[in-house]
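Below, each chain spelled out in residue letters.
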Amino acid sequence: MQTATSSNGIIRFIDGPLVKIVVFSAYAYFFLIILTEVFMRYFFAHSTTWGEMTARYAFVYFAYIAAAEAFRYDEHIRIDLLPNKMGEMGRKMLETYSDFLCILISIAVIYYSINLMEIQQRANIRMHALPVNMSWAQLALPVGWGLMIIRIMQRGRRRFFPQLNAVGEA
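So, here is what we can say about the structure in this document. (Residues numbered from 1 in each chain as written. Predicted model: local features only at pLDDT ≥ 70, side-chain atom pairs only at ≥ 80, totals over all residues. Heavy atoms only, no water.)

### Quick look at the overall build of the protein
And step 1. Within the protein, the regular secondary structure consists of 7 helices and 0 strands.
And step 2. A globule of 170 residues ought to have a C-alpha radius of gyration of about 15 Å, yet the protein, at 20 Å, is considerably larger.
And step 3. Here the C-alpha coordinates of the protein stretch approximately 60 × 35 × 30 Å along the principal axes.
And step 4. The 170 residues of the protein split such that 32% are buried.
And step 5. Considering only contacts in the protein between residues 6 or more positions apart, those separated by 24 or more positions represent 69%.
And step 6. For the protein, the exposed area adds up to about 11,200 Å²; of that, 71% sits on carbon and sulfur atoms.
And step 7. Computing the positive centroid from 16 side-chain charges and the negative centroid from 12, the protein places the two 2 Å apart. (Helix = DSSP H or I, 4+ residues; strand = E, 2+ residues; numbered from the N terminus. Rg over C-alpha atoms; globule rule 2.2 N^0.38 Å. Buried < 20%, exposed > 50% of the residue type's maximum accessible area, 1.4 Å probe, protein only. Contact = heavy atoms within 4.5 Å. Areas by Shrake-Rupley, 256 points an atom, 1.4 Å probe, with all protein chains shown as cover. Lys, Arg positive; Asp, Glu negative; His and termini not counted. Charge placed at Lys NZ, Arg CZ, Asp CG, Glu CD.)

Structure, rendered in C-alpha cells:
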C-alpha cells in the first residue's frame, strides 16, 4: 500500500505545476539571454562568453521536457491514416506498439546519456565558458526521456482504463 501511495504522490508532483514552471523558466531564460546577447553585440560589439552557451543548454532542457509534455496531452505529430482506418481495438493495439517502441528508444537514450555523464564526471569535462561540469547539461536527456516514459505510460493507462485517470490529467 505504501508503494501505491508514494507512486501516486510522485505522479501528482509531476502532474502539478512544476513541469510547466520548468518549461516556462527554461524558455524565458533562453529568450532573455539571446535578446541580451543580440543587444550587446549590436550596441556594444561585445557579448558574454557564457550567454550563448547557457541559452543553448536551457533550450535543450526546454525541448526535452516540452516533448514529454506533448506526450502527456497526446499532441505529437503523427501519421494517422492507418489508425483512422482501423477499429477501436486495432487502433489501441497499434498505438500501444508505437508506445512500446518509444519506451525502448527512451531507455536506450537514458542508458547511453548516463554513461556519457559518468565519463564527463570522471574526466572532469567542463563547459568552455563556465566552471561547471558538462554532465549538468547532459542531464537534460535522462530527465526529459524519463519524463517521456512516465507520460507514455500515463497515455497507455488513459487508453485502456479511462475511468482510472490520475488527478490532474486531462
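Anyway, onward from the coordinates.
### As for the packing of helix H3 (residues 51-72) against helix H7 (residues 140-160)
And step 1. At a closest axis distance of 7 Å, the pairing of H3 and H7 adopts a crossing angle of 5°. On the basis of the axis angle, H3 is roughly parallel to H7. When H3 is examined against H7, the residues Val60, Tyr61, Tyr64, Ile65, Ala67, Ala68, Glu69, Phe71 and Arg72 are found in contact with a partner set consisting of Ala140, Leu141, Val143, Gly144, Trp145, Leu147, Met148, Arg151, Ile152, Arg155 and Arg158.
And step 2. Here the residues of the contact of H3 with H7 sort into 14 nonpolar, 1 polar and 5 charged. (Axes fitted to C-alpha atoms, helices over the stretch in contact; angles between N-to-C directions. Parallel < 35°, antiparallel > 145°, perpendicular 65-115°, else oblique. Nonpolar A, V, L, I, M, F, W, Y, C, P; charged D, E, K, R; others polar.)

### Focus: the pattern of salt bridges
And step 1. Counting across every chain of the model gives 10 salt bridges.
And step 2. In this structure, Arg155 and Asp74 form a salt bridge, with 2.9 Å as the shortest nitrogen-oxygen distance. Residue Arg155 is located in helix H7, and its partner Asp74 is located in the loop between H3 and helix H4 (81-85); the two are separated by 81 residues in the primary sequence.
And step 3. With a relative accessible area of 7%, Arg155 lands in the buried category. (Salt bridge = Lys/Arg side-chain N within 4 Å of Asp/Glu carboxyl O.)

### Some words on the packing of aromatic side chains
Aromatic ring pairs are described here by two measures, namely the spacing of the ring centres and the angle between the planes.
And step 1. According to the stated counting rule, one finds 9 aromatic pairs in the structure shown.
And step 2. Between Tyr27 and Phe62, the aromatic rings sit 5.1 Å apart at their centres with planes inclined by 45°, giving tilted as the arrangement. In this pair, Tyr27 is assigned in helix H2 (residues 18-44) and Phe62 in helix H3, connecting sequence segments 35 residues apart.
And step 3. Overall, the relative accessible area of 40% leaves Tyr27 in the partly exposed class.
And step 4. For the ring pair Tyr64 and Trp145, a centre distance of 6.3 Å and an interplane angle of 50° mean the geometry is tilted. Taken together, the positions of Tyr64 in helix H3 and Trp145 in helix H7 put the pair 81 residues apart, joining distant regions of the chain.
And step 5. Among the aromatic residues, those joined into a cluster by ring pairs are Tyr27, Phe30, Phe59 and Phe62. (Phe/Tyr/Trp six-rings, centres within 6.5 Å; stacked < 30°, edge-to-face > 60°.)

### Focus: the nonpolar core
Where a protein is soluble and globular, its nonpolar side chains tend to be buried together.
And step 1. Among the nonpolar cores identified, the biggest contains 15 residues, and Val19, Ile65, Trp145, Leu147, Met148 and Ile152 are the most heavily contacted of them.
And step 2. Sort the elements by how many residues they give to this core and H7 lands first, with 6 residues.
And step 3. When neighbours within four sequence positions are excluded, Leu147 is seen to be in contact with Ile14, Val19, Ile65, Ala68 and Glu69.
And step 4. Core analysis: the second largest hydrophobic core is formed by 5 residues, Tyr57, Met127, Met134 and Ala137 among them. (Core = buried A, V, L, I, M, F, W, Y, C linked by side-chain atoms within 4.5 Å.)

### Examining H2
And step 1. With 27 residues, H2 should cover 39 Å at 1.5 Å per step; its first-to-last C-alpha distance of 37 Å lies within 8% of that length.
And step 2. Following H2 by one or two positions, Ala45 adopts a phi angle in the positive range, close to 55°. (Expected span 1.5 Å × (residues − 1).)

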